[in-house]
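Tertiary structure, described
Below are the chains, spelled out letter by letter.
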Amino acid sequence: MDTTLLTQLYTDSQSEAVVRISRRVLAGERLTRAEAMTMAHEAPLALLGLLATTLKERKSGRDVYYNRNFHIEPTNICRFNCRFCSYRRPATSPEAWEYSLEEIEQLARGYVGSGITEVHIVGGVHPHHDLDYYVEMIRRVKAILPEATVKAFTAIELAYMIDQAGLSIHEGLTRLKEAGMETMPGGGAEIFDETIRARICPDKGSTAQWLAVHREAHRMGIQTNATILYGHIEGWEHRIDHLDRLRTLQDETGGFNAFIPLKYRNLHNSMSEIGEVSIVEDMRMLALSRIYLDNFAHIKAYWPMFGKDTTALALAFGADDIDGTIDDSTKIYSMAGAEDTSPRMSVAEMEAMVRAAGYQPVERDSFYNPIKK
Ligand code: V47
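A few points on the structure.

Considered as a void within the structure, the largest pocket measures approximately 150 Å³ in volume. Among the elements of the structure, helix H4 (45-60) and helix H12 (279-292) are those that each provide at least two residues to the lining of the largest pocket. With three residues, H4 is the largest single contributor of residues to the lining of the largest pocket. Taken together, the residues of the lining of the largest pocket break down into four nonpolar, one polar and five charged.

Here we take up the nonpolar core. In this structure, Phe153, Leu158, Leu176 and Trp210 are the most contacted members of the largest nonpolar core, which totals 110 residues. Apart from residues lying up to four places away in sequence, Leu176 is in contact with Leu131, Tyr134, Val135, Ile138, Phe153, Leu158, Met161 and Met181.

To continue, consider the packing of aromatic side chains. In this structure the tally under the stated criterion is ten aromatic pairs. Seen from their ring centres, Phe259 and Phe296 are 6.3 Å apart, and the 80 degrees between their planes marks the pair as edge-to-face. Of the two residues, Phe259 is situated in strand S7 (residues 256-263) and Phe296 in the loop between H12 and strand S8 (298-299); the sequence distance between them amounts to 37 residues. Summarising the burial analysis for this pair, Phe259 and Phe296 share the class buried. An aromatic cluster is defined as three or more aromatic residues linked by ring pairs; in this entry it consists of Phe192, Trp210, Phe256, Phe259 and Phe296. Of note, Arg247 hangs over the ring of Tyr292, and the distance from its end group to the ring centre comes to 3.8 Å.

What follows covers the sheet that holds strand S2 (residues 69-72). Strand pairing in a sheet takes place through backbone hydrogen bonds and is either antiparallel or parallel in direction. If you walk across this open sheet you meet the seven strands as S2-S3-S4-S5-S6-S7-S8, and the pairing is parallel. Only two strands of the sheet have a single neighbouring strand rather than two, namely S2 and S8. Relative to strand S4 (residues 149-152), strand S3 (residues 118-121) is paired through four bridges, and the arrangement is parallel. If you follow Ile121 over to S4, its bridge partner there is Ala152.

Conventions and cut-offs
Within every chain, residues take consecutive numbers counted from 1 along the sequence as written. Where totals are concerned, whole chains, interfaces and linings use all residues; where local detail is concerned, this predicted model gives features only for residues with pLDDT of at least 70, and gives and counts side-chain atom pairs only at 80 or more. Hydrogens and waters are ignored; side-chain quantities use all the structure's heavy atoms. Cavities and pockets are found on a 1 Å grid laid over the protein atoms alone: a cavity is a set of points where a 1.4 Å probe fits but cannot escape, a pocket is an open set with protein on both sides within 12 Å along at least five of seven lines, and a lining residue has an atom within 4 Å of such a point. Grid points are joined across faces, edges and corners, and a volume is the space filled by probe spheres set on the points. Strands are runs of DSSP state E lasting at least two residues, helices are runs of H or I lasting at least four, and both sets are numbered from the N terminus onward. Each residue receives one of three labels: charged for Asp, Glu, Lys and Arg, nonpolar for Ala, Val, Leu, Ile, Met, Phe, Trp, Tyr, Cys and Pro, and polar for the others, Gly being one of them. Grouping buried Ala, Val, Leu, Ile, Met, Phe, Trp, Tyr and Cys residues that are joined through side-chain atoms within 4.5 Å yields what is termed a nonpolar core. Burial status follows relative accessibility: with a 1.4 Å probe on protein chains alone, a residue under 20% of its type maximum counts as buried, one over 50% as exposed, and anything between as partly exposed. By the convention used here, residues are in contact when the closest approach between their heavy atoms is within 4.5 Å. Centres within 6.5 Å make a pair out of two Phe, Tyr or Trp rings, where for Trp the six-membered ring is used; the pair is then stacked when the planes are under 30 degrees apart, edge-to-face when over 60, and tilted otherwise. Whether a charge sits over a ring comes down to the Lys NZ or Arg CZ being within 6 Å of the ring centre and within 35 degrees of the ring normal. Here, strands pair whenever DSSP counts at least two bridges between them.

These figures capture arrangement, not role.
This is how it looks when you write it as structure tokens:
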């Protein structure tokens, strides 16, 4: 963007600090935590959108990515009890589920020949399943869908199963990688600030564990994603702190693919009284993520969590990815109150969404290589 135009538009009405920081963003300079806080509190929404869009277009031009994927959620029984979670059930609940490996194979078989390029496997941290069980799960899914990438297990699930097996992170990830785990999703990050984390998920694996698993994965050539769970009891200082820790790790390893800001949804969980933040707050969070994470190529607006309308809008606030077709295979968000109770999008619908935002839809694989048609 022409910086003269931007500063002409904004110099008169904005504080000197916002104008100065905006110029730095447009010059490709890295923001400090304090500058990010100033922008979070003072910059108008439209300015954040323009800055984030400019940065997005410098990285991926007019391209906006989607993929053909489905999820396997092996269980909703979980050893941890996170206060924001609407998905977990005690093992004794009639709503608890736990698929056998044969049932998981059955699910995978349903996608043979479908053009699916990614299987996303994530669920509760089951107290009794061991590393061998997960290794076998990946091996069987990969045997049925050899051309699909297996994106499996949050760092929290991994830390638990590997620790139970008495292995180092490196040894545990090696076994899973050999079985066919090619990349890892970004879940379980929640909020890195230890004080807030202790209030929303007191017994969950720690920030240090999450970062250690991703660091080791990156060292082993396993690319991963990262998330934040925002819009509950945290403030902007905690969000910026979270982004800062990710930016630092990315400087060290370069192993993150996409960052996914996950909006806290408040149906049927033990923090429901908090309510949900506004769509304006969502857009500010997306734009700030794009601006602060200057070393992340991709910012994903995850449509099953935001809903389709908010996702479409996110394409004007720095997002360059909307995730995938999903095929009604994830329950985490609908159980927490997301609009689509049977989340599913066709390729045509995804492409129309991207075009309506003025961009070019690109089907990608799990590593952001375009799929040739
Ligand atoms: O870590 C749980 C979140 C995450 C709620 O890497 C909630 O491509 C909002 O990580 N309201 C798991 N969010 C999902 C995840 C993910 C999703 C999509 C794509 C990718 C990727 C990763 O779901 C959890 C937690 O932060 N979550 N409960 C809730 N009530």
